Amino acid sequence: MSVVNRSTRSAFSSLKTVVQFFLRNIFVDEAVFPRRAHRFTAIYSRDKEYLFDIHHRCFFTNAVRSRIVQFILDRQYFEDRDKDPRAFGIDRLVVANVYCAAYPLHDGEITEKGTMREALYTHWASVNKWYRYQPLDYVKEYFGVKIGLYFAWLGFYTYMLLLASLIGIICFVYSLITLKDYIPVQDVCSEEQTKNLTMCPLCDYCNFWYLKETCFYAKITYLFDNPSTVFFAVFMSFWATLFLELWKRYSAEITHRWDLTGFDVHEEHPRPEYLSRLVHVKNTRTRIDYVTNIQEPKVPFWRMKFPATIFSVSVVFLLIFLAFVALVAVVVYRMSMMGTLKYNKSTMTTSSAIMLATASAAFVNLCLLYVLNYIYTQLAEYLTELEMWRTQTQFDDSLTLKIYLLQFVNYYASIFYIAFFKGKFVGYPGKYNTILDYRQEECSSGGCLTELCIQLAIIMIGKQAFNSILEVIMPKIWRKVMAIQVGLSRLFSSKGPDINKEKVERYLRDLKLLDWGSRSLFPEYLEMVLQYGFVTLFVAAFPLAPFFALLNNIFEMRLDAKKLLANYRRPVSQRVRDIGVWYRILDSIGKLSVITNGFIIAFTSDFIPRLVYRAQNEDHTLNGYLNFTLSQYNITESDYMRSLAGDGSNITMCFYADYREAPTSPQRYHLTSMFYIILACRLAFVVVFENFVALVMILVRWCIPDMSIELRDQIRREVYLTNEIIIAKEAERARLGLDRRSCSACGHDYRADTM
């Protein structure tokens, strides 16, 4: 028995050692980034300065100091206010070439040992450290709260993608394993089953084709349209809710640790641009801000605010319409590509031609996205400036909503079109529904789900790969341009920097770096939120989306860190409480994903038709399912079809995917009763799916509070202790004041008595 106990303890000790070794290599290396002690804090007040430890060397961190200096520089007048009311702010002096730039200094070089910049670059920004947790406290101390929160959110999002990626891969592996036993694929690939199945043309330029040509595409379709798809769609809806709820909980811990619990966004001061534009407005009223108690100018609503808002909304709708025009252009390109391939008598089959046209159209769509994105961003910033937002937070939120709305339409319009509209209202042979005498697009022989998967993969993976390449290459190119500009200014200006001095002075070396700007974090958030939309909105059509998102984010996190440390000047610290309007956007995407995935499973995939066929089939299998989904058309009823088949052809019937009566039926080509049964089941599935997932989301939100009980008790305890310290300090101050008055009344020198 003792031998067994010793063996058990030895095995447990070995396992514990392995786990500890694993955790040491995953968590933040405390030898490089020691754990920071938590201190009691309160909002600073000059009148109550005696309550604060102002002599502590870290009373104001470097990030806070840079924010204070920037606040002063943004509002300091450099000329008489009466002569030029807009003569204030460091930005105007930079524009006037009085100064080259204004920026905080980096802490040494990235290769200079012992500096925080080198430690972050080596142990945080390195791609080799992708498996380690981020030293978020040190990131926040170096760059400020806003950038620290971005990396905290990105790290948490990437961490949560691990589970989604694992389940997605399991579902994909399941589809690979069960592919060989899937009866409809066996029927499509079987020569005996499909040798007499001649399919009707899929477009005006297409010819008759054989169903056996789609064997490969049928296999690809099953990989993304199988029983595990429904499970994964339900899981991802649950995952999206779990992600947001756990982020709120994690965010509460960060907010407390970084002393943001008592931060009120209404304490934010007006933007300098806001004040400068109101200077020249006649008859401007003023108001007393109810938080800061400072008198401020008020924007005239009917003269400025209302017209600017109407104009902004009108332009946004115009840009949305432009995005739909781009979608129509891609559809026209795809149809033209098909016509070109057929008129040039290409040797490829109809199925291959459609797939080539689909893939090339997706690339064209991706190129259009980048062109429109640039236009949208420039116009959105101009429109937001017209709206006269008081604070930087209000300005950023308005700009975020505009650009995201435009980007949402830009990126997702083509995907929504393929998922819910393409091939749904085409009619049937002999009576196709047309638009401007052109037949509507049909899905390829592999089905709409295959096209949707291709579109998602090209746009999502292509966009991520292209952005990653740009993030690596473009900063280096712009740094070279900046170095050339500095060199030219030294060459042609007698006041240019001295070369020997440049090797020593930190500010001259940082001058060659790129300017980060106040809104440079916006594209980083936008890229990740758009990716989150791909991961959640259409995951039923592409279960591997979370996996590719995970791979991208592992590199994205480190590349963003390296970019900030090596290629950009140190940003001015910005204080925020949370990720702002981005959380509300993420929450809206999560709710919309329930609807989109429900409709994709019900109307785009073949899940419901298969379910109905199994229920009505005697042996409850999919034997004969292929014929169940096809209808016949007599080509002798159409002159176009007869000419297409040729005079010597023996083709009299062609098949198409639909539920319609046979040519020999009294109600030929009318929709069958089975069509309406399947339609009713699809609608019923959408209702059941969405209500079930909504119930699960409600339960998740109810089970996970926004703040842990331990953290809530800790905050209450700290508030109590802080109040006790304040009361003790006030009592001590009152007692000392009373002693001074007593000594003065007695004629004693208080200072001498206290020596």
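The following paragraphs examine the structure supplied in this document. (Residues numbered from 1 in each chain as written. Predicted model: local features only at pLDDT ≥ 70, side-chain atom pairs only at ≥ 80, totals over all residues. Heavy atoms only, no water.)

## Points about the overall build of the protein chain
Note the following rule: Numbering of helices and strands runs from the N terminus, with a helix taken as a DSSP run of H or I at least four residues long and a strand as a DSSP run of E at least two residues long. Throughout, exposure labels follow a simple rule: accessible area from a 1.4 Å probe, protein chains only, divided by the maximum for the residue type, with under 20% read as buried, over 50% as exposed, and the rest as partly exposed. Should any heavy atoms of two residues lie within 4.5 Å, those residues are considered in contact. Residue-level accessible areas treat just the shown protein chains as cover; the underlying method is Shrake-Rupley with a 1.4 Å probe.
In terms of regular secondary structure, the protein chain is built from 26 helices and ten strands. By residue count, 45% of the 755 residues in the protein chain fall in the buried class. Across the protein chain, contacts joining residues at least 24 apart in sequence account for 75% of those joining residues at least 6 apart. Entry remark: accessible area of the protein chain is about 40400 Å², with carbon and sulfur atoms responsible for 61%.

## Some remarks on the packing of aromatic side chains
To describe a pair of aromatic rings, you give the distance between the ring centres and the angle between the ring planes. Our working rule: Aromatic rings from Phe, Tyr and Trp, with only the six-membered ring used for Trp, were paired whenever their centres fell within 6.5 Å, and each pair was classed as stacked if the ring planes differed by under 30 degrees, edge-to-face if by over 60, and tilted otherwise. Note on criteria: charge over ring means Lys NZ or Arg CZ within 6 Å of the ring centre, with the direction from the centre no more than 35 degrees off the ring normal.
Per the stated rule, a full pass over the model turns up 47 aromatic pairs. Ring centres of Trp-153 and Tyr-525 lie 5.9 Å apart, and the angle between their planes is 45°; on these two criteria the pair is classed as tilted. Note that Trp-153 is positioned in helix 6 (residues 145–178) and Tyr-525 in helix 18 (residues 522–537), a separation of 372 residues in sequence. Tyr-525 carries the same exposure label as Trp-153, and that label is buried. The positively charged end of Lys-212 is found above the aromatic ring belonging to Tyr-210, 5.8 Å away from the centroid. Directly above the ring of Tyr-142 sits Arg-570, whose terminal nitrogen or CZ lies 3.8 Å from the centroid.

## Observations regarding the nonpolar core
Considering soluble globular proteins, one finds that nonpolar side chains tend to be buried as a cluster. Let me state the cut-off plainly: The definition of a nonpolar core used throughout is a set of buried Ala, Val, Leu, Ile, Met, Phe, Trp, Tyr and Cys residues joined through side-chain atoms within 4.5 Å.
By size, the foremost hydrophobic cluster in this structure holds 150 residues, and its most contacted members are Phe-151, Trp-153, Tyr-157, Trp-239, Tyr-404 and Tyr-412. Among the elements that make up this core, the one with the highest residue count is helix 6 (16 residues). With residues up to four places along the chain from it excluded, the contact list for Trp-239 reads Tyr-157, Met-160, Leu-161, Ala-164, Tyr-532, Val-535 and Thr-536. Of all hydrophobic cores here, the second largest spans eleven residues; its members include Cys-200, Tyr-428, Met-641 and Tyr-669.

## Overview of helix 24 (residues 673–703)
Worth spelling out the cut-off: One less than the residue count of a helix, multiplied by 1.5 Å, gives the span that helix is expected to have.
Under the 1.5 Å per step criterion, the end-to-end length of helix 24 is 45 Å for 31 residues, consistent within 8% with the ideal 45 Å. Within the sequence span of helix 24, burial applies to Met-674, Ile-678, Arg-682, Phe-685, Val-686, Phe-689, Val-693, Met-697 and Val-700.

## What about the packing of helix 4 (residues 116–123) against helix 19 (residues 545–567)?
Let me state the cut-off plainly: Every angle, taken between N-to-C directions, lies between 0 and 180 degrees, and every axis is a line fitted to C-alpha atoms, over only the stretch in contact when it is a helix. Our angle categories are set so that under 35 degrees counts as roughly parallel, over 145 as roughly antiparallel, 65 to 115 as roughly perpendicular, and the remainder as oblique. Handedness of a crossing is defined here by the sense of rotation of the near helix relative to the far one, left-handed for an anticlockwise turn of less than a right angle and right-handed for a clockwise turn. Residues are grouped as follows: nonpolar covers Ala, Val, Leu, Ile, Met, Phe, Trp, Tyr, Cys and Pro; charged covers Asp, Glu, Lys and Arg; every other residue, Gly included, is treated as polar.
One way to put it is that helix 4 packs onto helix 19 with a least axis distance of 10 Å and a crossing angle of 150°. One way to sum up the angle between helix 4 and helix 19 is to call them roughly antiparallel. Viewed along their axes, helix 4 and helix 19 form a crossing whose handedness is left-handed. Facing helix 4, whose interface residues are Arg-117, Leu-120 and Tyr-121, helix 19 presents Lys-562, Leu-565 and Ala-566. Of the residues belonging to the contact of helix 4 with helix 19, the class tally is four nonpolar, no polar and two charged.

## Some points on the state of the cysteines
Threshold: Criterion for a disulfide: a pair of cysteine sulfur atoms at a distance within 2.5 Å.
What the rule picks out here adds up to two disulfides. Each sulfur in the disulfide pair Cys-189 and Cys-215 lies 1.9 Å from the other. An S-S torsion of about 100° defines the bridge between Cys-189 and Cys-215 as right-handed. With Cys-189 in helix 7 (residues 183–189) and Cys-215 in helix 9 (residues 215–224), this pair connects stretches of sequence that are 26 residues apart. A relative accessible area of 18% means that Cys-215 is categorised as buried. The disulfide partner of Cys-200 is Cys-654, and the S-S distance across this bridge is 1.9 Å. Residues Cys-200 and Cys-654 are joined by a disulfide whose S-S torsion is about 85°; by sign, that bridge is right-handed.

## Description of a nonpolar patch on the surface
For clarity, the threshold we go by: To count toward a patch, a residue needs a relative accessible area above 30% and no salt bridge. Like charges then connect within 9 Å, nonpolar side chains (Val, Leu, Ile, Met, Phe, Trp, Tyr) within 5 Å. Each salt bridge in this description consists of a side-chain nitrogen of Lys or Arg and a carboxyl oxygen of Asp or Glu lying within 4 Å of one another.
On the surface, Leu-23, Phe-27, Tyr-133, Tyr-159 and Leu-162 cluster together into a nonpolar patch covering about 480 Å² of accessible area. Looking at the secondary structure, you find Tyr-159 in helix 6. According to the relative accessible area criterion, Tyr-159 is partly exposed, its value standing at 48%.

## A closer look at the packing of helix 6 against helix 10 (residues 227–257)
Helix 10 packs onto helix 6 with a crossing angle of 160° between their chain directions and a minimal axis gap of 10 Å. When the axis of helix 6 is compared with that of helix 10, the two are roughly antiparallel. Between helix 6 and helix 10 lies a crossing whose hand is right-handed. Per-class residue counts for the contact of helix 6 with helix 10 are 24 nonpolar, two polar and no charged.

## Topic: the side chain of Ser-237
With respect to the secondary-structure elements, Ser-237 resides in helix 10. In this structure Ser-237 comes out as buried when scored by relative accessible area, which is 2%. Once you skip the residues sitting within four places of it in the chain, Ser-237 turns out to touch Val-594, Val-693 and Met-697.

## What about helix 14 (residues 392–420)?
Two residues of an α-helix separated by three or four positions point the same way, owing to the 3.6 residues in each turn. The condition that has to hold: The term bend refers to the angle at a residue between two fitted axes, each drawn through seven residues, those ending there and those starting there.
With 29 residues, helix 14 ought to run about 42 Å at 1.5 Å a step, and its terminal C-alpha atoms sit 39 Å apart, in line with that. The principal kink in helix 14, of about 50°, is found at Tyr-412. By the criterion of burial, helix 14 is predominantly enclosed, with 23 of the 29 residues buried.

## What about the pattern of salt bridges?
Applying the stated criterion to the full structure yields 17 salt bridges. Glu-109 is the partner of Arg-509 in a salt bridge, and the nearest nitrogen-oxygen pair spans 3.4 Å. Taken together, the positions of Arg-509 in helix 17 (residues 506–511) and Glu-109 in the loop between helix 3 (90–95) and helix 4 put the pair 400 residues apart, joining distant regions of the chain. Take Arg-509: its relative accessible area is 26%, and that puts it in the partly exposed class. For the salt bridge of Asp-587 with Arg-701, the shortest nitrogen-to-oxygen distance reads 3.0 Å. Of this pair, Asp-587 sits in helix 20 (residues 581–604) while Arg-701 is found in helix 24, placing the two residues 114 residues apart along the sequence. Given a relative accessible area of 17%, Asp-587 falls into the buried group. Judged by relative accessible area, Arg-701 falls into the partly exposed class, the value being 28%. Via salt bridges that share partners, Glu-245, Lys-248, Asp-587, Lys-591, Arg-701 and Asp-706 belong to a single interconnected network.

## Digging into the environment of Phe-301
With respect to the helices and strands, the residue Phe-301 is situated in helix 12 (residues 301–343). The partly exposed category is assigned to Phe-301, whose relative accessible area is 44%. Apart from residues no more than four positions distant in its own chain, Phe-301 is found in contact with Phe-306 and Pro-307.

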